[in-house]
Amino acid sequence: MSIIKNVAVIGSGTMGNGIAHTFAQFGFLVSLIDVSKEALDRGLGTITKNLDRQVAKGSISEADKTTTLSNIQIFTDLKQGVQFADLVVEAATENEDLKLKIFKDLDTFAKPEAILASNTSSISITKIGSVTNRADKVIGMHFMNPVPIMKLVEVIRGYATSDEVAAITMELSKKLNKIPTEVNDYPGFVANRILMPMINEAIYTLYEGVAGVEEIDTVMKLGMAHPMGPLQLADFIGLDVCLSILNVLQDGFGNPKYAPCPLLVNMVTAGKKGIKSGEGFYIYSQGTKDLVVSTKFKK
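Residues numbered from 1 in each chain as written. Predicted model: local features only at pLDDT ≥ 70, side-chain atom pairs only at ≥ 80, totals over all residues. Heavy atoms only, no water.

### Observations concerning the packing of helix α2 (residues 37-57) against helix α3 (residues 62-70)
Contact geometry of α2 with α3 gives a least axis separation of 9 Å together with a crossing angle of 160°. In terms of orientation, α2 and α3 fall into the roughly antiparallel class. Here α2 runs over α3; the crossing is right-handed. Residue-level contacts link Ile47, Thr48, Leu51, Asp52 and Val55 of α2 to Glu62, Lys65, Thr68 and Leu69 of α3. Residues belonging to the contact of α2 with α3 are distributed by class as follows: 4 nonpolar, 2 polar and 3 charged. (Axes fitted to C-alpha atoms, helices over the stretch in contact; angles between N-to-C directions. Helix = DSSP H or I, 4+ residues; strand = E, 2+ residues; numbered from the N terminus. Parallel < 35°, antiparallel > 145°, perpendicular 65-115°, else oblique. Left-handed = near helix turned anticlockwise from the far one by under 90°. Contact = heavy atoms within 4.5 Å. Nonpolar A, V, L, I, M, F, W, Y, C, P; charged D, E, K, R; others polar.)

Next comes the structure, spelled out in structure tokens:
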């Protein structure tokens with residue numbers, strides 16, 4: 001594992017800053033890259049707040065926090081940010097065209113032996129690898145949110161991903177105190193192939209008037225031992241992301257059972273994307289501790 005020392009993370013949003021935080025905390029030198037300096041500053045602010053929470057809980061020391069932050073450098077220039085990277089983890093918006101463009105650029109700018117990973121939650125790793133000249137070195141590392149806390153890393157092998165790169169990625173994930181699970185590259189992989197139809201069905205259950213928002217989430221929390229109801233989870237993930245993944249599933253399998261609920265489509269079209277927009281099935285003006293159902297779904 002000594003070959004992986006420098007890690008570049010592309011995207012400083014929720015997933016990107018969490019991935020950067022985690023690698024830096026475990027001693028890797030991290031280049032955090034985004035097109036916007038303001039976005040990078042917000043990302044670093046989030047990392048600092050999350051480290052402060054870890055210090056307050058006693059899980060890390062103040063010295064650990066200082067060391068972690070010192071392991072992170074920020075860049076707005078992709079070429080400069082990835083030039084020394086042994087591993088690049090792309091965590092940009094879940095948009096296929098954007099990801100393909102990034103990987104074309106990475107193939108040019110990253111050193112030839114660098115592993116190129118994507119944190120995509122649904123887009124084909126095989127397709128991403130096909131726009132590079134190193135498909136054998138392209139792999140999926142699908143972290144879960146919040147990254148510093150959640151243990152799972154879904155490791156996705158593209159059609160051309162080499163055994164060596166898969167083995168390195170699995171071992172690297174363990175170095176981050178994660179539990180990697182290797183899966184093959186088919187639409188939605190495992191996590192979202194199972195999760196998104198459940199969320200979609202919960203939205204249909206609301207759409208068809210079977211039960212209200214709180215009732216649906218209560219049934220799944222208390223009856224199925226889920227820590228969070230599916231509608232609250234959809235807000236947490238982002239309704240736009242849920243819609244995007246369902247579209248990938250529907251396009252990939254050609255099966256109408258993956259068709260997004262019209263209510264979900266309307267909410268995303270109206271800009272109600274969950275926590276990120278301040279409103280989805282719940283309202284988040286007061287944060288996430290005391291959930292208030294959106295007035296749209298009040299009885």
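### A closer look at the UniProt feature "domain: 3-hydroxyacyl-CoA dehydrogenase NAD binding" (unreviewed entry) in the chain
As recorded in UniProt, the sites labelled "domain: 3-hydroxyacyl-CoA dehydrogenase NAD binding" (unreviewed entry) are residues 6-185. In residues 6-185, the share of helix is 44% and the share of strand is 22%. The end C-alpha atoms are 26 Å apart. (UniProt positions renumbered as here; feature names shortened; annotations may be inferred.)

### Some points on the sheet that holds strand β3 (residues 72-75)
The 8 strands are arranged β3-β2-β1-β4-β5-β6-β7-β8 in an open sheet whose pairing can be described as mixed. Because the sheet does not close on itself, it has two edges, and the strands there are β3 and β8 (179-184). Averaged over all adjacent pairs, the angle separating strand axes in this sheet is 25°, with direction ignored. Judged from the 4 bridges that link them, strand β4 (residues 87-90) and strand β5 (residues 115-118) form a sheet pairing that is parallel. The residue of β5 that forms the bridge with Val88 is Leu116. Those strands touched by α2 are β2 (29-33) and β3, and its axis lies near 160° from that of β3. (Pairing = 2+ DSSP bridges.)

### Details of the pattern of salt bridges
Inspection of every chain in the model, using the stated rule, returns 15 salt bridges. We note a salt bridge from Asp136 to Lys137, for which the minimum N-O separation is 3.4 Å. Its relative accessible area of 22% is what places Lys137 among the partly exposed residues. Where Arg157 meets Asp163, a salt bridge forms, and the shortest distance between an N and an O atom there is 2.6 Å. (Salt bridge = Lys/Arg side-chain N within 4 Å of Asp/Glu carboxyl O. Buried < 20%, exposed > 50% of the residue type's maximum accessible area, 1.4 Å probe, protein only.)

### Some thoughts on the domain arrangement of the chain
Its domain assignment divides the chain into domain 1 (6-184) and domain 2 (190-297). Here domain 1 and domain 2 have C-alpha centroids that lie 26 Å from each other. Contacts between the two partners involve 9 residues from domain 1 and, on the opposite side, 7 residues from domain 2. Buried area between domain 1 and domain 2, summed over both chains or domains, comes out near 640 Å², and the portion from carbon and sulfur atoms is 58%. Remark: the boundary between domain 1 and domain 2 carries 0 salt bridges. At the boundary of domain 1 and domain 2, one finds 3 residue pairs in polar contact (both at pLDDT 80 or more). (Domains from an automatic or database assignment. Buried area = accessible area lost by both parts, 1.4 Å probe. Polar contact = N/O pair within 3.5 Å; in protein donor to acceptor, adjacent residues only side chain to side chain.)

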